[in-house]
Every structure is written in structure tokens, then in C-alpha cells.
Amino acid sequence: MSESSSLQWGGRFASVPDAALLAFGSSLEEDLVLAPFDVRCSLAHVTALFGGGIITSESAKTLREALRRVASEIAEGSFAEHARATNAEDVHGAIDARVRDHAGEEGARLHAGRSRNDQVATTLALYVRNRAQHAADTAATTAALALAQARIALADGTLLAATTHWQPAQPILLAFWLAAVAESFLRAATRFDRVANDACAASPLGSGACSGSTLPLDREAAARELGFATPTRNALDAIGSRDLALDLVHAVARALGAASRASEEIVLWCTPAFGYARLDDAASTGSSLMPQKRNPDPFELVRAHAAAANGALAAALGTTTGIALSYHRDLQETKAIAIHAIERGLGALDAFASALGYVNYNHDAMTAHAGDGYTVATDIADSLIARGITARRAHELVGTLVTTAERAGRILDANDLDTLADAAGLARPLEAPLDALASVRAKRTIGSTHPDAIAHAIAELETVLAARERNTTV
Ligand code: ARG
């Protein structure tokens, strides 16, 4: 038990708190991750107190020293034990108690003009900023990795049958698929950057419980110290909003959604039936029973983490719905759900980034099957349309042709194009791609799977990523 009482409302109640209810009301374990951010927030509050002439410079010095000692205890890992030894409801109470352990009576000046309400909101904003920046970097790294793999796949000319409904659709280059993964992760990085920026906008510190303070706190100095552009405008909103944490959980769920979709495909590619990819031993697991197994666990886990993040988003949103403005204890649960989702989600995003690096794509298998299932049929229909046949008629004619070839168990060849030209009443020859490579080379639109279009897209994505890096490192 800490020397200083860690219940922050001791004076009001005569009887000791019910232990089970106290435990039920604790968010200490979930909050511990916030400890370093609370210390920064508390240091800034000292600035606000001193700046407002509320404490002397000696008191400020004592409080800062005590907070720095707490910071070292957090960094070296001993703080958690001290915190657990108190009956503090949360990490904020535990830090307050520890400051009093270190600074004695002077430590009791720290909480002047401050409520845990503005403390939680500010600490959470700092935490969200930190984690969003980390997630943005991970997402950008993942995009860069996918692009590096895309460059290799483009040079190798690896073809792939794009599917819709998991049915062979049209030939693409593997590089196109990888560049698509990069696109989704670039969007994820942008989303995370946005959340991080929003978490730099306005500091709730100095909002007090819900209406501001009669003490002349220097909110601007505190905001500056914490890297916020300005203090928040409305105390009631500032202490009751969990928008930043919700936005980050949303961004995590969305990024994991992108990861889960790529994972689904990789898992299937790694089956012997497909043989399109092989996961390096370093990222695979075996079976305790079946000696032959090679399981692509990281990608399966990423899928499940994505589902869990979606659930957490719904849960976190739920806890904020319908509660009146200002602080209500429900928001403690919002925080716990959000922190859990963010910590686990970021772990899963990191894991996806490293697992992706262990995928070896099988050029021959992918390329060999890129034309399976008559994936050039659409291009052949396009060739009729280009010669003036209506889309509907072209679809019908090629559909009939595919059915005939399918029945005979053969692929389409030049003779089929002659047959088509005749059936459509066109002069021969009818020019159309008959294999997967010819198909991708025949693509003409911006954003298509034509090799040149992919090269262009990769270069553009690389430029965007490089610009992002410059912006975030200045
Ligand atoms: N343990 C609370 C939380 O983490 C702290 C805020 C308490 N404020 C209050 N008025 N009870 O959300």
C-alpha cells in the first residue's frame, strides 16, 4: 500500500469502499499503457499552475522532480507494482499517489484546478497521437513493401487470374495485385496520419471537471508544451468527447480490414491445390500431429484480429451512445475497449507487415493458370464491340463460343476468332488477345493492369510515400 491514500475523494465518505465494487470500478490494468502520457500531461499541468501564479517556482520544481522520478519508474518497469499496491481507480490516481510518495505534502498541490476528466481526455489524446503515428508508419512501410514486391513481380512478368466471386475473371499481373495492396495501405497510412493530426489540434487540459476553473491556469502554455495547437474551446465537450480514440479504433479496424482481405488470398494461394505462393518457414507453423503441414498462421490470425477490431469498434461506439454530454463513467469502458483494440490491432498490423515479407510468389504456377477459365473472354467481346457490334450481342456470341470450347475441353484459338467474325458478320481477321499476356498488354485504360500502367502507378505511389515520409519527419 502506498503511503499516500490513492483514493482521490477520501474526505467525502465515512465508510471504507466495498472492495469488490472498487475492483469492478478499476481501469488500472488497461490504463497502465497511458502512464507515460499522464506524466507528460501532469508536467504540463505544473506549467499551467505555475504560469497562472497558483504555485511557486519551488513547488513547481518539486512536482516536476517527483514526476520525473515517476517517469523513470515507468521506463524501468517498476511503476506498475507501485500502482497495483495502491487502491487507485486508474493510472491517473496511481500517479498522483506516487507523486505524493516522492514529494510529500507538496505533491498534494498537483491536482489543483484539475479533474481526472480533463486529465483522461488529454492523456488519451497524447496516447492516440503516439499510436496513430506508429500505425501510420507501419501502414506506410507495408505499402512500401508491397510496392517493392510489385516491382519484382513486374520485372518477372508474373501473370495471375484475377477472380470475382473466387471465379476466374480476367488476367492481371501479380504486380497489379501487389500495387492494389499498396493502395489500400497508403489509404490506411493517410487515415492514421489524419487521426494523429487531429490529436494535435486542441488540448483539453485545464477544462477541469466540465466547466473550466476559477484558478487562472495557463492553458496556452500547457497546450504548447504538449504539442497542441491551442486549448480546446468548450470544456463540456472537451472532457466528454472520445472521438479521437474512436477514430483511431476505426482506422485500426479499416487497416486490418485491408490486411484481412490480402491475407485471405495469400492463405488460399499457399494451399498445395493452388500452389501460387509459399510462406517461408520463418513465418509458417506445423501441426502437432500431421507431419506434412505448413500453416500460414499469421495471415489467419490477421483475419481474426480484423474481426475482433470490428467488434471492438462497435463496442466502443456503443459505450458512447446516448450518454449525456460531459463525463459519465461509461467513458472509462470506452477507454478500456479502445486501448485494448488499439494495442492488439497495432500488433496485428506489425505482424502483417513482417509476414508479407515472407511470402514467395510462384511465378510459374500463377502464370500457367492466368488464362484458365476463359479469362480472355471479355477482351474478345471487346474486340467485337470495337468493330461496331453491340455489347449485348458481343457478350452473347462470345458466351456461345466459350460454351462450345468448354464442352470440347479446349482453349480458344485463332480459328475461334474466324468463327466469331463470321457469326458477327465481320470481315476477317478479328484481332483479339487469346492468352493472358496478350490480354494485359491489350489494356488501354488509365489504372489498368497494362504493364506500363502498373509501372506508372508504382512510381506515383512511391512518390506519394516519399512525400509522406518527408512531411512526417520534419
Ligand atoms: N477512472 C475514470 C476514467 O478512467 C476517471 C474519471 C473519473 N471521473 C469521474 N468524475 N469519476 O474514465
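Scroll up to find the structure.
Residues numbered from 1 in each chain as written. Predicted model: local features only at pLDDT ≥ 70, side-chain atom pairs only at ≥ 80, totals over all residues. Heavy atoms only, no water.

Draft legend 1. Representation of the environment of Gly347 within the structure. Along the chain, Gly347 falls in helix H13 (residues 330-356). Between the alpha carbons of Gly347 and Val302 there is a distance of 9.6 Å; along the sequence they are 45 residues apart. (Helix = DSSP H or I, 4+ residues; strand = E, 2+ residues; numbered from the N terminus.)

Draft legend 2. Structural context of the side chain of Thr319. Within the fold, Thr319 resides in helix H12 (residues 297-320). Given the relative accessible area of 16%, Thr319 is considered buried. Among the polar contacts listed, one links the side chain of Thr319 to the side chain of Thr334, at a separation of 2.7 Å. Apart from residues no more than four positions distant in its own chain, Thr319 is found in contact with Asp330, Glu333, Thr334 and Ile337. (Buried < 20%, exposed > 50% of the residue type's maximum accessible area, 1.4 Å probe, protein only. Polar contact = N/O pair within 3.5 Å; in protein donor to acceptor, adjacent residues only side chain to side chain. Contact = heavy atoms within 4.5 Å.)

Draft legend 3. Quick look at the packing of aromatic side chains. One pass over the structure, following the stated rule, counts 8 aromatic pairs. Where Trp269 meets Tyr361, the ring centres are 6.4 Å apart and the plane angle is 80°; that geometry is what we call edge-to-face. One end of the pair, Trp269, is in helix H11 (residues 243-269); the other, Tyr361, is in strand E6 (residues 359-361), with 92 residues separating them in the sequence. Exposure class is identical for Trp269 and Tyr361. Each is buried. These aromatic residues form a ring-pair network of at least three members: Trp166, Trp177, Trp269, Phe274, Tyr276 and Tyr361. The cationic tip of Arg129 hangs over the ring face of Phe228; the distance from NZ or CZ to the ring centre is 4.6 Å. (Phe/Tyr/Trp six-rings, centres within 6.5 Å; stacked < 30°, edge-to-face > 60°. Lys NZ or Arg CZ within 6 Å of the ring centre and 35° of its normal.)

Draft legend 4. Quick look at the pairing of strand E2 (residues 167-173). In the sheet, strand E1 (residues 159-164) pairs with E2 via 6 bridges, with the strands oriented antiparallel. Residue pairing for E2: Ala162 is matched across the bridge by Gln170. Between E1 and E2, which pair antiparallel one after the other, the connecting turn spans 2 residues, and His165 there sits at a positive phi close to 55°. (Pairing = 2+ DSSP bridges.)

Draft legend 5. Quick peek at the site of the ligand. Every residue lining the ligand is accounted for by Ser27, Glu89, Asp90, Arg116, Asn117, Val120, Tyr327, Gln332 and Lys335. Asp90 places a polar side-chain atom, nitrogen or oxygen, 2.6 Å from a nitrogen atom of the ligand. In the environment of the ligand, a nitrogen atom lies 2.6 Å from a nitrogen or oxygen atom belonging to the side chain of Gln332. Notes on the ligand: free accessible area 350 Å², of which the protein chains cover 84%. Every element with two or more residues in the shell around the ligand is listed here: helix H7 (116-156) and H13. Looking at which element gives the most residues to the shell around the ligand, the answer is H7, with 3 residues. (Near = heavy atom within 4 Å. Areas by Shrake-Rupley, 256 points an atom, 1.4 Å probe, with all protein chains shown as cover.)

Draft legend 6. Up close: the environment of His92. As for its placement among the helices and strands, His92 is situated in helix H6 (residues 91-103). Owing to a relative accessible area of 0%, His92 belongs among the buried residues under this scheme. Sequence separation of His92 and Glu460 is 368 residues, and the distance between their C-alpha atoms is 46 Å. For His92, the residues in contact, after removing those within four places along its chain, are Gln8, Leu34, Asp38, Arg116, Gln119, Val120, Thr123 and Lys335.

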